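One-letter residues, chain by chain:
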Amino acid sequence: MSVKEIFESMEYGPAPESPAEALTWLVDQGDRFGHFIDGAFTPPGETFESRNPATGEVLASLTQATQADVDAAVSAARAAQGKWQRLGGPARARHLYAIARLVQKHARLFAVLETLDNGKPIRESRDIDVPLVARHFYHHAGHAQLMESEMPGREALGVCGQIIPWNFPLLMLAWKVAPALAMGNTVVLKPAEWTSLTALLFADICRQAGLPKGVVNIVTGDGAVGEMITASEVDKIAFTGSTEVGRKIREATAGSGKALTLELGGKSPYIVFEDADLDSAVEGLVDAIWFNGGQVCCAGSRLLVQEGIAERFHAKLKARMEKLRIGDPLDKCIDVGAIVDPVQRDRIAAMVAGSDGEIFQSGPCPEGCFYPPTLISGLSPASKLMQDEIFGPVLVSATFRTPSEAVQMADNTRYGLAASVWSENINTALDIAPKLAAGVVWVNGSNMFDAAAPFGGLRESGFGREGGPEGLTAYTRDSRKPKALKPIAPFGGDEAEPQPVDRTAKLYIGGKQARPDGGYARAVNDKRGKLIGQAPLANRKDIRNAVEAARGAAAWSSASAHNRAQVIYYIGENLSARAEEFAATIDRMTGARTGAKEVEKSVERLFTYAAWADKFDGRIANVPLRGAALAMRAPCGVIGGFCPDAYPLLGLVSLMAPAIAMGNRAILVASEPFPLAATEFYQVLETSDVPGGVVNILTGSHAELAPTMASHMDIEAVWSFSGADLSTEIERGAAGNLKRAWVNYAQDRDWMGADGEGRAFLEAATEVKTVWIPWGA
Ligand code: NAI
């Protein structure tokens, strides 16, 4: 066909990108790769093949790392870390800047190699993945530059183990490496076994950029290598991948003191209201579910469309699906490329085959490792495909009637990664966006990402954020040196045996004093062994009751911050009025004469968090697309906390106040050796207008209650500052619903000082919710 004829018919003609340069680069490397350790490539060891999924051709052989390889990489990273940190932010910024420049200079090589290795359309790797990689390094060069002035008191964690998936091989590398390096950490990164080539090219770029040796180390191999990294002497694990593996990593690192961030799967809703611009919503949906063949953790894979327009919307969608072009990923005109590997293609096909919905597929789809864009409708909300992540180009669809039903259906998932809301009505869109249980919400858009906008999930989609200043917390720690935890044993006495409850202090659940379910109490003695009183021993049933009460107090989370502040000030005022009484109880329990000071500090702390209640609210991220994303602070939900042994009142207040100031409901287990100040504190809460269920207080054995609290599916976060080191139990138990765990790893805080309050508590009490809004665009 001549150019003139093509021009006249506007017939599609392929526009393939040449793979020549990328293939030449592979040949130049000898087609066989070792690891990148301590600034150099190691000789290849036992290898496995990396294939182009679109053609099945072998691209290169990669080395399966051994324990010795992982150890060498971790040692190199450890040896390099101190010097890299001491270089200082501005010098590190220069290195990140040099990497960004080199990524841009080799942008096409990276894009073609990525497409060859992963099967994603070149249009995406060229226009989205690689530019975002460069943007990530530029943005974080800025954070390195500003670290000393903007992040006083924070320092690098040390060596970070980073394990990434195959869907955005280079982009996920950038998301992990850039913030780590900016903050002065060194890294050992493992790319996914199907897609390691751009990581190896990146290693070459690090060399060219003159990055000091050992700062970036890359080891290749399968999940077994991931396990070795997880078990190695690193200070942090950052993981992106499946929820199943994320859970295993949570369990494996429990109690180890390794920092952890998990970016896991999703089943993100794509909500279309009847007043949406339907054509835009269809186009948005193409990006939501067929971008990267739906192999996207935040893919808009669950279409929820308002009943009145469902038929029209589906008709438009099907017409659009017919026009999607599936095929050679190197063709610049292709919309949907290859699936990453035949294993994954077969997994998608099996899931679809098991569905009892109505299936519509666009065609034609080439033979081989391809899967056609698919729409499945008519499924019930509980059906497997409405709930499980398919991770392929498969959209499931359901209808809703009212906005509240839309929210309810959208949140009917164990995940909480992302959501899209489509409506031309600003009231509807901005009313719904904050109600969705998702870490990222796009208003009239989907799959927008930027280095300045925090990204990450809730629930079983994991925890931690990547991007923006919020993402840096996960790569730094408080530079104050922690003290060793000194557990305090309760004072013994004649009546130390548990006994049936008689006249005794009670638990405080749902705004009422409650007898412990088990009917047991323990004697609390003073230093000389004299009985002061009885403290109830809560059991798992009491925890369940407290959770139920806390869930019932959800209105607290949507109360205005101003109102919450008023209540907290009022608690402070009422505590102050009874200062002497509390001081006497504390002195008697602890045998020290610190009670008065402790009460005074507790009142001050309440005032501090009342002050914070309406001030820790987030920021507006300056993103290139549309100009604004709101990075808001939302409460976690229900937080369980184990109070420190020392400071029976201040310890309780130090956990309670930030939690409720940020809109959470709290279940607190009082100091184990000194529980009686907490049991008196109920009366202060009762007189301070604290709604029932917002604060629930239990007493009893921390070690016995920890597993129940940690594994409870309706608790969103657990904190422990207990004298008993509960880190292992809590972090292991937290793997169930992947709740956030904040534990002390046998380290103590200075509760009377600045260490006992502040931003760390506020950050732990909130989730960052990023809402992308149309803004001046
Ligand atoms: P995966 O979670 O097994 O793999 C991700 C990374 O973790 C890879 O580098 C892998 O080698 C490593 N890994 C595997 N087992 C490990 C272990 N026990 N310890 C440490 N690292 C380990 O994901 P996979 O098997 O490739 O895909 C399976 C499903 O996971 C997909 O169908 C999809 O549903 C989901 N997935 C989600 C991703 C996301 O971005 N949220 C990315 C990739 C997969």
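Values in this document were obtained by computation on a predicted structure and should not be read as measured data.

> Can you break down the site of the ligand residue by residue, with the values?
Around the ligand, 26 residues are found, and the nearest of them are Trp-166, Lys-190, Glu-193, Ser-242 and Gln-344. Interatomic distance of 2.5 Å between a side-chain N/O atom of Trp-166 and an oxygen atom of the ligand. Measuring from a nitrogen atom of the ligand, one finds a backbone N or O atom of Leu-264 at 3.1 Å. Coverage of the ligand by the protein chains reaches 88% of its 800 Å² of free accessible surface. The element best represented in the shell around the ligand is helix α9 (residues 223–231), accounting for 3 residues. Across the shell around the ligand, the residue classes tally to 12 nonpolar, 8 polar and 6 charged. When we break the shell around the ligand down by domain, the ones giving at least three residues each are domain 1 (35–52 + 66–264 + 471–476) and domain 2 (269–456).

> Before we move on, could you go through the side chain of Asp-235 and cite the residues and values that matter?
With respect to the helices, strands and loops of the structure, Asp-235 is situated in the loop between α9 and β9 (236–240). Of the polar contacts made by the side chain of Asp-235, one reaches the side chain of Arg-78; its length is 2.9 Å. Excluding residues within four positions of it along the chain, Asp-235 makes contact with Arg-78, Leu-157, Gly-158, Val-159, Gly-257, Lys-258 and Ala-259.

> Now, about helix α15 (residues 403–410): what can you tell me, with residues and values included?
Listing the buried residues of α15 in full gives Glu-405, Ala-406, Val-407, Met-409 and Ala-410. Contacts made by the buried residues of α15 are with β11 (269–272), β12 (302–306), β15 (394–400) and α16 (426–432).

> Can you break down the nonpolar core residue by residue, with the values?
Core analysis: the biggest nonpolar cluster contains 111 residues, and Phe-137, Phe-202, Val-216, Ile-218 and Val-272 have the highest contact counts within it. When residues of this core are assigned to their parent elements, the largest contribution, 11 residues, is made by helix α7 (residues 169–182). Per-domain counts for this core show at least three residues from each of domain 1 (35–52 + 66–264 + 471–476) and domain 2 (269–456). Contacts of Phe-137, omitting those with residues within four sequence positions, involve Leu-96, Ile-99, Ala-100, Ala-174, Val-177, Ala-178 and Phe-202.

> A description of the UniProt feature "domain: Aldehyde dehydrogenase" (unreviewed entry) in the protein chain should follow, citing residues and the corresponding values.
In the numbering adopted here, UniProt assigns the feature "domain: Aldehyde dehydrogenase" (unreviewed entry) to residues 46–477 and 522–743. Segment residues 46–477 splits into 44% helix and 17% strand. End C-alpha atoms: 38 Å apart.

> Outline the environment of Tyr-745, listing residues and values.
By the secondary structure assignment, Tyr-745 is in the loop between β32 (740–743) and β33 (747–748). In the structure, Tyr-745 is positioned 490 residues away from Gly-255 in sequence and 6.7 Å away in space, judged by C-alpha atoms. Tyr-745 has contacts with Gly-255, Ser-256, Gly-257, Lys-258, Asp-725, Ser-727 and Glu-731, leaving out every residue within four places of it along the chain.

> Mind laying out the pattern of salt bridges, listing which residues take part and the relevant values?
Two side chains of opposite charge can pair, provided their charged atoms sit close to one another. Applying the stated criterion across every chain, the model contains 36 salt bridges. In this structure, Glu-604 and Lys-601 form a salt bridge, with 3.3 Å as the shortest nitrogen-oxygen distance. One end of the pair, Glu-604, and the other, Lys-601, are both in helix α22 (residues 595–612), 3 residues apart, so they sit about a helical turn from each other. Judged by relative accessible area, Glu-604 falls into the partly exposed class, the value being 40%. For Lys-601, a relative accessible area of 17% puts it in the buried group. The salt bridge partner of Arg-605 is Glu-757, with a shortest N-O separation of 2.9 Å. Taken together, the positions of Arg-605 in helix α22 and Glu-757 in the loop between β33 and α27 (759–764) put the pair 152 residues apart, joining distant regions of the chain. One network of salt bridges, in which partners are shared, links Arg-247, Lys-384, Asp-388, Arg-414 and Glu-460.

> Let's hear about the UniProt feature "active site" (unreviewed entry) in the protein chain: which residues, and what values?
In the numbering used here, UniProt assigns the "active site" (unreviewed entry) feature to Glu-263. Position of Glu-263 relative to the elements: it lies in strand β10 (residues 259–263). Non-local contacts of Glu-263, meaning those with residues more than four positions away in its chain, are made with Phe-239, Thr-240, Gly-241, Cys-297, Leu-417, Phe-455, Ser-461 and Glu-466.

> Account for the pairing of β9, with residues named and values stated.
Counting buried residues in β9 gives 5 out of 5 residues, a clear majority hidden from the surface. Of the two faces of β9, the one carrying Lys-236, Ala-238 and Thr-240 and the one carrying Ile-237 and Phe-239 are both buried. Judged from the 5 bridges that link them, β9 and β10 form a sheet pairing that is parallel. Counted as the bridge partner of Ile-237 is Leu-260 from β10. The parallel pair β9 and β10 is bridged by helix α10 (residues 243–253), and the resulting crossover is right-handed.

> Describe the domain arrangement of the protein chain, with residues and values.
According to the domain assignment, the protein chain consists of domain 1 (35–52 + 66–264 + 471–476), domain 2 (269–456) and domain 3 (513–521 + 538–620 + 637–765). In this complex, domain 1 contributes 13 residues to the contact, which on the side of domain 3 involves 11 residues. For the pair domain 1 and domain 3, the two sides together bury roughly 870 Å², of which 61% comes from carbon and sulfur. At the junction of domain 1 with domain 3, the criterion picks out 1 salt bridge. Notably, a salt bridge pairs Arg-250 with Glu-731, separated by 3.2 Å at the nearest N-O pair. Here domain 1 and domain 3 share 4 residue pairs in polar contact (both at pLDDT 80 or more) between them. Per-class residue counts for the side of domain 1 that touches domain 3 are 3 nonpolar, 6 polar and 4 charged.

Rules behind the numbers
- Residues numbered from 1 in each chain as written.
- Predicted model: local features only at pLDDT ≥ 70, side-chain atom pairs only at ≥ 80, totals over all residues.
- Heavy atoms only, no water.
- Near = heavy atom within 4 Å.
- Polar contact = N/O pair within 3.5 Å; in protein donor to acceptor, adjacent residues only side chain to side chain.
- Areas by Shrake-Rupley, 256 points an atom, 1.4 Å probe, with all protein chains shown as cover.
- Helix = DSSP H or I, 4+ residues; strand = E, 2+ residues; numbered from the N terminus.
- Nonpolar A, V, L, I, M, F, W, Y, C, P; charged D, E, K, R; others polar.
- Domains from an automatic or database assignment.
- Contact = heavy atoms within 4.5 Å.
- Buried < 20%, exposed > 50% of the residue type's maximum accessible area, 1.4 Å probe, protein only.
- Core = buried A, V, L, I, M, F, W, Y, C linked by side-chain atoms within 4.5 Å.
- UniProt positions renumbered as here; feature names shortened; annotations may be inferred.
- Salt bridge = Lys/Arg side-chain N within 4 Å of Asp/Glu carboxyl O.
- Pairing = 2+ DSSP bridges.
- Right-handed = clockwise from strand over helix to strand, strands pointing away.
- Buried area = accessible area lost by both parts, 1.4 Å probe.

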